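Read off the chains here:
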Amino acid sequence: MSPRVLWRRTRVFAGVTLALALIGLTGFLLAINWKPDERAFPEQGIDVSERNGAINWWGVKRAYGVRFVYARATMGAKERDARFADYWRGLYEAGIPRGAIHVFSLCQLAADQAGNLVSTVPRSDDQLPVALMLDFEGSCPARPERDVVIGEINRFLEGVEAHTGKPAILKVSSAFEDRYRVSAGIQRKLWSVQAFFPGSYFDKPWTMWQASSFRRIEGVAGMVNWNVMVK
């Protein structure tokens, strides 16, 4: 192969590589800034956990479109999010509507899990309904029968709702819903999880939708889950 042909091929390869890199960068920038149309979903916000690190809640309040925040509080019967107390206090001081999330475990008793949340999240009239996250955790291999799972979820809800005075909302993954059909067995508002396109895996309409897990906003160093809420 002559040097001239080799040079031409190298230039073409470099041009294609650069074009693909620019396309990838453009797609990434669009993804981290995308959110559902506010004309269709005026109530939009985020949910966070200790993985998001220290958060400037006044910066979040200035971020365009953040109208509420959910913070992970507890996981299973014993674990607590290391930053929940700081987040909860910071949200209150910034005047941002706030809600707490509990990550449910199929490997631990619902009554113990409810006790964990009740002892972690103080009752306050200003808080949003507690969200119960239902998904399969890698550390828990248990897969009980449906009636057992529905019964345990109801026991958790009884304990938590007696504490907060408000019906909880169920944040259910599509995999968990496919196996246990939670939306047909428990009469609560639902929170779907599906990137970019509204989830359609419930037996009834959802109230909240996690539309993205990698949005970037002011006040938070990393990526956050972006959600919308319907009235």
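Above this text you will find the structure in question.
Parameters and conventions
Residues numbered from 1 in each chain as written. Predicted model: local features only at pLDDT ≥ 70, side-chain atom pairs only at ≥ 80, totals over all residues. Heavy atoms only, no water. Phe/Tyr/Trp six-rings, centres within 6.5 Å; stacked < 30°, edge-to-face > 60°. Helix = DSSP H or I, 4+ residues; strand = E, 2+ residues; numbered from the N terminus. Buried < 20%, exposed > 50% of the residue type's maximum accessible area, 1.4 Å probe, protein only. Lys NZ or Arg CZ within 6 Å of the ring centre and 35° of its normal. Arc of directions from axis to C-beta. Contact = heavy atoms within 4.5 Å. Core = buried A, V, L, I, M, F, W, Y, C linked by side-chain atoms within 4.5 Å. Polar contact = N/O pair within 3.5 Å; in protein donor to acceptor, adjacent residues only side chain to side chain. Disulfide = S-S within 2.5 Å. Pairing = 2+ DSSP bridges.

## Regarding the packing of aromatic side chains
For any two aromatic rings, the description comes down to two numbers: the centre-to-centre distance and the angle of the planes.
Consideration 1: Within this structure, the stated rule accounts for 14 aromatic pairs.
Consideration 2: Between the aromatic rings of Phe136 and Tyr180, the centroid separation amounts to 6.2 Å while the plane-to-plane angle is 50 degrees, which identifies the pairing as tilted. In this pair, Phe136 is assigned in the loop between β5 (131-134) and α5 (146-164) and Tyr180 in helix α6 (residues 174-180), connecting sequence segments 44 residues apart.
Consideration 3: For Tyr180, a relative accessible area of 1% puts it in the buried group.
Consideration 4: An aromatic cluster is defined as three or more aromatic residues linked by ring pairs; in this entry it consists of Trp34, Phe196 and Phe214.
Consideration 5: For Lys171, the ring lying beneath its charged end belongs to Trp191, and the centroid distance is 4.4 Å.
Consideration 6: Sitting over the face of the ring of Trp226, Arg215 holds its NZ or CZ atom 4.3 Å from the ring centroid.

## Details of helix α4 (residues 110-120)
Consideration 1: Taken as a whole, α4 has its buried residues at Ala110, Gln113, Ala114, Asn116, Leu117 and Thr120. For α4, the angular spread of the buried residues around the axis is 155 degrees, confining them to a single face.
Consideration 2: Among the structural elements, β2 (69-75), β3 (79-80), α3 (84-94), β4 (98-103) and α5 are those in contact with the buried residues of α4.

## Side note on the nonpolar core
Consideration 1: Of all hydrophobic cores here, the largest spans 52 residues; its most connected members are Val48, Trp57, Val60, Ile153, Phe176 and Ile217.
Consideration 2: Residue contributions to this core peak at six residues, all from α5.
Consideration 3: Excluding residues within four positions of it along the chain, Ile217 makes contact with Ile46, Val60, Ala63, Val66, Val224 and Trp226.

## Some words on the environment of Tyr70
Consideration 1: Along the chain, the position of Tyr70 falls in strand β2.
Consideration 2: In the structure, Tyr70 is positioned 27 residues away from Pro97 in sequence and 8.5 Å away in space, judged by C-alpha atoms.
Consideration 3: Filtering out sequence-adjacent residues up to four positions away, Tyr70 remains in contact with Ile46, Asp47, Val48, Gly99, Ala100, Ile101, Leu128, Pro129, Ala131, Ile169, Trp191 and Met208.
Consideration 4: Polar contacts involving the side chain of Tyr70 include one to the main-chain carbonyl oxygen of Pro129, which spans 2.6 Å.

## Points about the state of the cysteines
Consideration 1: Enumeration over the complete set of coordinates arrives at one disulfide.
Consideration 2: Disulfide partner of Cys107: Cys140, at an S-S distance of 2.0 Å. Its S-S torsion of approximately 100 degrees makes the covalent link between Cys107 and Cys140 right-handed. Residue Cys107 is found in the loop between β4 and α4, and its partner Cys140 is found in the loop between β5 and α5; the two are separated by 33 residues along the sequence.
Consideration 3: Taking the relative accessible area as the measure of exposure, Cys140 reaches 4% and is therefore buried.

## What about the pairing of strand β7 (residues 189-193)?
Consideration 1: Sheet topology note: the strand β6 (residues 169-172)/β7 ladder contains three bridges and is parallel. Counted as the bridge partner of Leu170 is Leu190 from β7.
Consideration 2: Bridge count between β7 and strand β8 (residues 208-215): three bridges; the pairing is parallel. Looking at β8, one finds that Trp191 is bridged to Met208.

## Digging into unusual backbone geometry
Consideration 1: Phi is positive for Arg181, close to 45 degrees, though the residue is something other than glycine.
Consideration 2: Positive phi is not limited to glycine here, since Phe196 has a value of about 70 degrees.

Treat this as a map of the structure, not an account of what it does.
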